[in-house]
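# Analysis of the macromolecular model
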Amino acid sequence: MEIIRSNFKSNLHKVYQAIEEADFFAIDGEFSGISDGPSVTALTNGFDTPAERYQKLKKKERYIVISKVDEEERKRREQQKQAKEQEELNDAVGFSRVIHAIANSGKLVIGHNMLLDVMHTIHQFYCPLPADLNEFKEMTTCVFPRLLDTKLMASTQPFKDIINNTSLAELEKRVKETPFNPPKVESAEGFPSYDTASEQLHEAGYDAYITGLCFISMASYLGSFLSPPKVHVSARSKLIEPFFNKLFLMRVMDIPYLNLEGPDLQPKRDHVLHVTFPKEWKTSDLYQLFSAFGNIQISWIDDTSAFVSLSQPEQVQIAVNTSKYAESYRIQTYAEYVGSKHEEKQIKRKWTEDGWKEAERKRSNTQCVSYAPQNHYYHADSLTATSTVRKRNLSPSQAEADLEARVSGELSDTETEQTDPCAESHSEGRKKAKKLKRMKKDLSPTGSITDSPAKLFEVPDTW
């Protein structure tokens, strides 16, 4: 029996029962082809930071196709569009019950190279993805307290030395061989199993199925290191805790995973150079430029820039010096590149703040001038109260936000009464901000794991 759109509602109770009885869930959204615009490979490079990678994966490009149609055709297309949107909405609302049931179970959720799956699932069934990476981490661990990525697991000791290829298809073949002990699968009545011999790859259900098989085989292999050896290792075993909530980062050279429960790895990258060059240059031109420096790795950023990593960090300054008098290209250290990007952000932020400050000043002056004639019955001294209008910061730091909250909390009723009419809207804004802060505190994730991970197989901090 296959549960599809036509029989989903009538069989929803069976899905709930399966969620209740399951030890863990294996998921695969097969989302790789749903986004318009550039591919993930085109958007990313080997020296993305986790925050940069998150922003690139979150970004979506939309394209508009313009065509000329008559009024009758336009109405027909509009009706078709509305009917399709309503059908998709009904399906999404219905399936969201399954996602919420899985999340509420608190059980382990497994995927293979699952970062995009997690991002799309949260975006489609919970809320839009937050702009900030740390907020995304908090949200993810609140929705799915325990996640495990089998691609990261297979890329880590003790599997790294015995698994050469971590693609899902090759991993499924490898865990059928020694030293692994693949599970024997018995399907429930009415639910015929997939035949792994037919390799129905890139069908979401099949990929999720073999992801689960790979996890069982690798988890059981960890049990062979115990004394006495353990044949079956459950999804609740401390042996697999070191792999929890670390999502594999594809094609990042020195940061293997996104850590959902803490700060991400910060490699030194003192052997990495940032190079800018003419648009006509190709990879061969870069290899020729650095031919005197031995083995190099090139990671393209766009048509006119790339990262180049040298095998020996002491050669970095020599390479930088060679570009001092070059006209067609420029070489700088990775630290200089990061510093220049930070400077650009600071300048942009200052422009935004200054522009907003000027707009606030003009608005305040306009409001005060227009309000002044209405107060001509009052004593002149009543118009000399100190205004509480302050600069609005579009990107406040945490320290600034905390300070503002404290200052807001210290304003007494008397002080509030003394503020001029121009400040009333700001007082209301502070009240809303304090309310939002309380709400955020109430919604802080409670399902994250607090127990210390097992020490037998730690995911290394350096690779």
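To be clear, the structure that these remarks concern was listed above.
What you are looking at is a predicted structure, and each value in this text was computed from that prediction instead of being measured.

### Section: helix H3 (residues 50–58)
Within the sequence span of H3, burial applies to Pro50, Arg53, Tyr54 and Leu57. Along H3, the residues classed as buried sweep out an arc of 100 degrees about the axis, all on the same side.

### Quick notes on the packing of aromatic side chains
Going through the model one piece at a time under the given rule, you end up with 16 aromatic pairs. Their ring planes at 70 degrees and their centres at 5.0 Å tell us that Phe24 and Phe215 sit as a pair that is edge-to-face. Taken as a pair, Phe24 in strand S1 (residues 24–26) and Phe215 in helix H9 (residues 204–223) lie far apart in primary sequence, 191 residues in all. For the pair shown, Phe24 and Phe215 are each scored as buried. Here Phe307 and Tyr334 contribute two aromatic rings whose centre-to-centre distance is 5.8 Å and whose plane-to-plane angle is 55 degrees, an arrangement assigned as tilted. Within this pair, whereas Phe307 is found in strand S8 (residues 305–310), its partner Tyr334 is found in helix H12 (residues 334–371), the two being separated by 27 residues in sequence.

### A look at the side chain of Ser305
Here Ser305 shows up in strand S8. In this structure Ser305 comes out as buried when scored by relative accessible area, which is 6%. Here Asp302 takes part through its side chain, which lies 2.8 Å from a polar atom of the side chain of Ser305. Excluding anything up to four places from it in sequence, Ser305 contacts His274, Val275, Thr276, Phe277 and Trp300.

### Section: the pattern of salt bridges
Per the stated rule, a full pass over the model turns up 11 salt bridges. Measuring nitrogen to oxygen at the nearest pair gives 3.7 Å for the salt bridge that ties Asp23 to Arg236. Taken together, the positions of Asp23 in the loop between helix H1 (12–21) and S1 and Arg236 in the loop between H9 and strand S4 (246–248) put the pair 213 residues apart, joining distant regions of the chain. Residue classification places Asp23 among the partly exposed positions, given a relative accessible area of 43%.

### Digging into the sheet that holds strand S9 (residues 330–333)
Paired through their backbone hydrogen bonds, the strands of a sheet run either parallel or antiparallel. One open sheet accounts for four strands, arranged S7-S8-S6-S9; its pairing is antiparallel. The sheet is open, and its two edges are formed by strand S7 (296–302) and S9, each paired on a single side. Adjacent strand axes in the sheet meet at a mean angle of 25 degrees when their direction is disregarded. Sheet analysis places strand S6 (residues 272–276) next to S9, joined by four bridges and oriented antiparallel.

Rules of the game
- Residues numbered from 1 in each chain as written.
- Predicted model: local features only at pLDDT ≥ 70, side-chain atom pairs only at ≥ 80, totals over all residues.
- Heavy atoms only, no water.
- Buried < 20%, exposed > 50% of the residue type's maximum accessible area, 1.4 Å probe, protein only.
- Helix = DSSP H or I, 4+ residues; strand = E, 2+ residues; numbered from the N terminus.
- Arc of directions from axis to C-beta.
- Phe/Tyr/Trp six-rings, centres within 6.5 Å; stacked < 30°, edge-to-face > 60°.
- Polar contact = N/O pair within 3.5 Å; in protein donor to acceptor, adjacent residues only side chain to side chain.
- Contact = heavy atoms within 4.5 Å.
- Salt bridge = Lys/Arg side-chain N within 4 Å of Asp/Glu carboxyl O.
- Pairing = 2+ DSSP bridges.
- Axes fitted to C-alpha atoms, helices over the stretch in contact; angles between N-to-C directions.

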